[in-house]
Amino acid sequence: MICELDHQLERFQSVYGPVRSWRYGSSLGIDPIGERSACSFNCVYCQLGDIQQPTCQRQVFVATEQIAQDLVAFAPWGVDVVTLSGSGEPTLALNLGEILSLVCQLTGRPSLVLTNSSLLGDPAVRSALALADRVAVKLDAITPEQFRRVNRPMTGLTLDQVLDSILQFRQCYGGQLAVQTMMLTEWSEAERDCYRDLMQQIQPDEIHLNTPTRPRPLQRQIDSRGNDPASNSSDSNRWLKPVAVSVLAEFAARLQQQLAVSVRYPDFEPRV
Ligand code: SF4
């Protein structure tokens, strides 16, 4: 009876943080997905653990009214950015456009969406994302084999589709576009050249090179929506071997010189 009551009192909180982001500063998080993680990928490094609802189907997971209520509790929103991310792929949320309008009207703060790029081929997703001040698109792979191994997408999703969709989105999006890339191994010269050529086509405003610095929980932990490694330090986590910061730094410098675009990477030495 007491457990049941506790459960009722512990309502899911769709707004969390603020968390400190090395890319965006102080960031208030909005989770449009909810208690059960949902994504079209199941990345090997995902800090949510194994995705509980693998899906490409858009739906309303958390009502816009609930997000509005939760957001009001964080007034006056003294943060650098309000970020839609959380428990999975935010573009799966059918109310993505409503949420972005709400953030703009209520907080007046810049909005950011972190997306895995898999749904950008959908015109409805692109027009909802157009309301965001910033969008960061994920591109971790430059070969289909790497895509399958690192991102473990749902059947039917291909790297070619993702790349075409990013290019399509780039052409219509007027906000600030970043490409974020998680490196799990040191790439070969050929892989680096291929990535540079792709960036030349996409023309992002920024590139973010990253490597796993947070553990992958073996089971879903709602706290892992934030970015504090200390909150994820239990034995039920698996640490992936990161790429050395010197490798990221060298690749970043080279891209910056070749493309004349800002390339950023975390300058703290990750836990090995
Ligand atoms: S795209 Fe993001 S939420 Fe989805 S599995 Fe990968 S890291 Fe996790």
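Owing to the predicted nature of the structure, the values given are computational and were not obtained by experimental measurement.

## Quick look at the overall build of the chain
Link 1 in the chain: When helices and strands are counted, the chain shows eight helices and twelve strands.
Link 2 in the chain: Across the 272 residues in the chain, those meeting the buried criterion constitute 54%.
Link 3 in the chain: The long-range share in the chain, meaning contacts at least 24 apart out of those at least 6 apart in sequence, stands at 74%.

## A look at the nonpolar core
Link 1 in the chain: With 71 residues, the main nonpolar core has Ile 30, Leu 139, Tyr 195, Met 199 and Leu 209 as its most contacted residues.
Link 2 in the chain: In terms of residue count, the dominant contributor to this core is helix 8 (residues 245-259) (six residues).
Link 3 in the chain: Residues within four places of Met 199 in sequence aside, it is in contact with Leu 139, Val 179, Pro 204, Ile 207 and Leu 259.
Link 4 in the chain: Residues Tyr 24, Leu 112, Leu 114 and Ala 178 belong to the second largest nonpolar core, which totals six residues.

## A word on the pairing of strand 8 (residues 176-182)
Link 1 in the chain: The buried fraction of strand 8 amounts to six of the seven residues, a majority that puts the element mostly inside the structure.
Link 2 in the chain: Here strand 7 (residues 134-138) pairs with strand 8 via five bridges, running parallel. Bridging across to strand 8, Val 135 finds its partner in Leu 177.
Link 3 in the chain: Of the strand pairs in this sheet, strand 8 and strand 9 (residues 206-210) are connected by five bridges, and their pairing is parallel. Residue pairing in the sheet places Gln 180 in a bridge with His 208 of strand 9.
Link 4 in the chain: For the handedness criterion, the β-α-β arrangement of strand 8, helix 7 (residues 189-202) and strand 9 is classed as right-handed.

## A short note on helix 3 (residues 96-107)
Turn by turn, an α-helix covers 3.6 residues, leaving residues three or four places apart pointing in a common direction.
Link 1 in the chain: An ideal rise of 1.5 Å per residue puts 16 Å on twelve residues; helix 3 measures up with 16 Å between its terminal C-alpha atoms.
Link 2 in the chain: Residues Leu 96, Gly 97, Ile 99, Leu 100, Leu 102, Val 103 and Thr 107 constitute the buried set of helix 3.
Link 3 in the chain: In the core, the buried residues of helix 3 are packed alongside strand 2 (25-30), helix 2 (64-72), strand 5 (81-84), strand 6 (111-115) and helix 4 (123-129).

## A short note on the packing of aromatic side chains
Link 1 in the chain: This model, assessed by the stated rule, comprises five aromatic pairs.
Link 2 in the chain: Three or more aromatic residues link up through ring pairs in this structure, and these residues are Trp 187, Tyr 195 and Phe 251.
Link 3 in the chain: Residue placement shows Arg 192 over the ring face of Phe 251; its charged tip is 5.0 Å from the ring centre.

## With respect to the packing of helix 6 (residues 159-172) against helix 7
Two quantities define a packed helix pair, namely the angle between the helix axes and the distance between the axes.
Link 1 in the chain: Contact geometry of helix 6 with helix 7 gives a least axis separation of 9 Å together with a crossing angle of 35 degrees. Contacts from Leu 163, Ile 166, Leu 167 and Arg 170 of helix 6 reach helix 7 at Leu 198, Gln 201 and Ile 202.
Link 2 in the chain: Here the contact of helix 6 with helix 7 is built from residues that sort into five nonpolar, one polar and one charged.

## Quick look at the sheet that holds strand 5
Link 1 in the chain: Reading across from one edge, 1-2-5-6-7-8-9-12 is the order of the eight strands in this open sheet, with mixed pairing throughout. In this open sheet, the two edge strands, each paired with only one partner strand, are strand 1 (15-21) and strand 12 (262-264). Pairwise comparison of adjacent strand axes, ignoring direction, gives a mean angle of 25 degrees for this sheet.
Link 2 in the chain: As paired strands, strand 5 and strand 6 are joined by three bridges and run parallel to one another.

## Brief notes about the site of the ligand
Link 1 in the chain: Contacts to the ligand come from Cys 39, Phe 41, Asn 42, Cys 43, Tyr 45, Cys 46, Leu 48, Ile 51, Gly 88, Asn 116 and Lys 138.
Link 2 in the chain: Taken together, the residues of the shell around the ligand break down into seven nonpolar, three polar and one charged.

Rules behind the numbers
- Starting from 1, residues in each chain are numbered consecutively following that chain's sequence as written.
- pLDDT decides what is reported in this predicted model: residues at 70 or higher carry local features, side-chain atom pairs at 80 or more are listed and counted, and totals for whole chains, interfaces and linings draw on all residues regardless.
- Excluded from the side-chain calculation are hydrogens and water; included are all heavy atoms of the structure.
- Secondary structure elements follow DSSP: runs of H or I no shorter than four residues count as helices, runs of E no shorter than two count as strands, and numbering proceeds from the N terminus.
- A simple rule labels every residue: compare its accessible area, found with a 1.4 Å probe on the protein chains alone, to the largest value its type can have, and call it buried under 20%, exposed over 50%, or partly exposed in between.
- Here, residues are in contact when the closest pair of their heavy atoms is within 4.5 Å.
- Here the nonpolar core consists of buried residues drawn from Ala, Val, Leu, Ile, Met, Phe, Trp, Tyr and Cys, with membership extended through side-chain atoms lying within 4.5 Å.
- Strand pairing follows a simple DSSP-based rule, namely that at least 2 bridges must link the two strands.
- Handedness rule for crossovers: strands pointing away from the viewer, path from the first strand over the helix to the second running clockwise, crossover right-handed.
- A helix is expected to span 1.5 Å multiplied by its residue count minus one.
- Stacked, tilted and edge-to-face are the three classes applied to pairs of Phe, Tyr and Trp rings, where Trp contributes its six-membered ring and a pair requires centres within 6.5 Å; stacked means planes under 30 degrees apart, edge-to-face means over 60, and tilted covers the rest.
- By definition here, charges over rings are those cases where NZ of Lys or CZ of Arg is within 6 Å of the ring centre and within 35 degrees of the ring normal.
- The convention used is that axes are lines fitted to C-alpha atoms, helices contributing only their stretch in contact, and that angles between N-to-C directions extend from 0 to 180 degrees.
- Note that Gly is not counted as nonpolar here; it falls among the polar residues with everything else outside the nonpolar set of Ala, Val, Leu, Ile, Met, Phe, Trp, Tyr, Cys and Pro and the charged set of Asp, Glu, Lys and Arg.
- What makes a residue near a molecule or strand is one non-hydrogen atom of that residue sitting within 4 Å of it.

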